[in-house]
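The lines below spell out each chain.
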Amino acid sequence: MTGFADRYLLDPAVNANPYDYLSSLRQYRPVYWSTVHRAWLVTGYSHVVHCLREPAISASRVKPISERITESARGDADRAFGILSRWMVFNDPPVHRRLRSVFQEQFSARAINRFRPAIEAAASRLLSKGTASGTVGDAVADVAKPLPSQIFARWLGIPPQHSPAFWYWNARVSELVLGASQAEREYRTSIESLLHLYDYLAELVRQRRAQPGDDLISSVLASGQIGESVTDDEFIGMLTHLAFAGGETTSNLIANGLRALLRHPGELDAIRRDPGLLPGSIEEVLRFDGPSKMSIRIAASDFKLDDSTICAGDRIYLVTAAANRDPAQFPDPDRFIAARGNTMHLGFGFGEHFCIGAPLARLVARAAIGALVRDYPNLKLAGVEHTWHLSLLNRSLKMLPIRY
């Protein structure tokens, strides 16, 4: 291919539809040094999988985030980045494995499936409020945002009266971590929000020690690992990570999944005829237009990838959105096929850093989309133009107007 142009991934046009550009980039060079981003863009499926297994690549990337903060905006930034450094997603083995083990049992598919009736009932209750058949609404505001928030806040043990502040802090932390374009004042707000979130959760942990409840924090405290294999600071830091991740990924999965189905009415009809196709269709959404576009890594030492030498300190963008449409791995990759089956997509990552919350995200997405498909036979998009939040990492709709 000749005439390839390196483009900024936060260009609004690329952000709105990244797939055409990413496809051309993968065809041109699946391991590509971008002078625009000063990072390696890895877009081939086998190349991304290789990188996720490569011991010379580190997930420790708090420093690049902190480097975006100007001196005048730092304030309590050092404390904030200390909290981020305790997120398991920003740690390599064996530390990552030690931190993750604290939550492994609570996030297992077996444990999560116990909540299925309650989650499906919550989805039906939410949709019964103000979403009468024939009305026009916004699926993001009506379902995709509130349902995961309600479920995760309840599981974490957040009192309903604290939810507005809790989710405001989470939204601001999301902007800091996910590569959203922010002014200096907004960076400062994000840092302050992370500190507020940490302090709030620290107090919640103190309360649950004194008076355990039926929630995630109480369950982990009862396991006896906090203060033994994991410190209090590490535990609270990881809770800020779970709070941030608990709603964002699932919200995007619901909205993107509904959009994909409504843009492919034949696939939607197939699911209505055979509801057993719904779980597979969620996997296809994760492959076709998933909630995240990439993850960022740092080279810890020099290594070779194809004919390129990656040097220690280089940033590496593992572009899973491109890898999930690699024709070498997925036949006819630009088609949405609900019955495609187990595709081994990278929508939840791969290997050590496979998303610990994947079973919960899948269950909530199936409940939300399943209720919409079942209860609204005339469901359709209300308009074809959609706007997306400007984010390097996330694939996140601002609104999804639909007619119920």
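Source: prediction; values computed, not measured.

Considerations on the nonpolar core
Among the nonpolar cores identified, the biggest contains 97 residues, and Phe 103, Leu 156, Leu 201 and Phe 235 are the most heavily contacted of them. With 14 residues, the single largest contributor to this core is helix 14 (residues 232-262). Excluding residues that lie within four positions of it along the chain, Leu 201 makes contacts with Leu 156, Ile 158, Phe 166, Ile 236, Leu 239, Thr 240 and Ala 243. In terms of nonpolar packing, the next biggest core, distinct from the first, is built from 20 residues, Val 48, Phe 303, Ile 316 and Leu 318 among them.

Details of the sheet that holds strand 2 (residues 39-42)
If you walk across this open sheet you meet the five strands as 1-2-8-5-3, and the pairing is mixed. Pairing within the sheet leaves two strands with one partner each, and these edge strands are strand 1 (31-34) and strand 3 (57-58). Pairing of strand 5 (residues 295-299) with strand 8 (residues 315-318) involves four bridges; the strand directions are antiparallel. Note that in strand 8 the partner of Ser 295 across the bridge is Leu 318.

A look at the side chain of Arg 395
With respect to the helices, strands and loops of the structure, Arg 395 is situated in the loop between strand 9 (380-381) and strand 10 (401-403). For Arg 395, a relative accessible area of 3% translates into the label buried. There is a polar contact of 3.1 Å between the side chain of Arg 395 and the backbone oxygen of Asn 15.

Section: the pattern of salt bridges
Under the defined criterion, the tally for this structure stands at 21 salt bridges. One salt bridge connects Arg 362 with Glu 283, and the closest N-O pair in it is separated by 2.7 Å. Placement of Arg 362 in helix 18 (residues 358-375) and of Glu 283 in helix 16 (residues 278-289) is noted, with a sequence separation of 79 residues between them. The same class applies to Arg 362 as to Glu 283, namely buried. Note that Arg 335 is salt-bridged to Asp 332, the shortest N-O span being 3.3 Å. Since its relative accessible area comes to 41%, Asp 332 is described here as partly exposed.

A closer look at the packing of helix 11 (residues 163-177) against helix 12 (residues 184-210)
Direction vectors running N to C along helix 11 and helix 12 enclose 130°, while the axes themselves pass 8 Å from each other. By the angle between their axes, helix 11 is oblique relative to helix 12. As helix 11 packs across helix 12, the resulting crossing turns out to be left-handed. Here helix 11 contributes Phe 166, Tyr 168, Trp 169, Asn 170, Arg 172, Val 173, Glu 175 and Leu 176 to the contact with helix 12, which in turn contributes Tyr 187, Thr 189, Ser 190, Ile 191, Ser 193, Leu 194, His 196, Leu 197, Tyr 200 and Leu 201. Classifying every residue of the contact of helix 11 with helix 12 gives 11 nonpolar, five polar and two charged.

Criteria and cut-off values
- Residues numbered from 1 in each chain as written.
- Predicted model: local features only at pLDDT ≥ 70, side-chain atom pairs only at ≥ 80, totals over all residues.
- Heavy atoms only, no water.
- Core = buried A, V, L, I, M, F, W, Y, C linked by side-chain atoms within 4.5 Å.
- Buried < 20%, exposed > 50% of the residue type's maximum accessible area, 1.4 Å probe, protein only.
- Helix = DSSP H or I, 4+ residues; strand = E, 2+ residues; numbered from the N terminus.
- Contact = heavy atoms within 4.5 Å.
- Pairing = 2+ DSSP bridges.
- Polar contact = N/O pair within 3.5 Å; in protein donor to acceptor, adjacent residues only side chain to side chain.
- Salt bridge = Lys/Arg side-chain N within 4 Å of Asp/Glu carboxyl O.
- Axes fitted to C-alpha atoms, helices over the stretch in contact; angles between N-to-C directions.
- Parallel < 35°, antiparallel > 145°, perpendicular 65-115°, else oblique.
- Left-handed = near helix turned anticlockwise from the far one by under 90°.
- Nonpolar A, V, L, I, M, F, W, Y, C, P; charged D, E, K, R; others polar.

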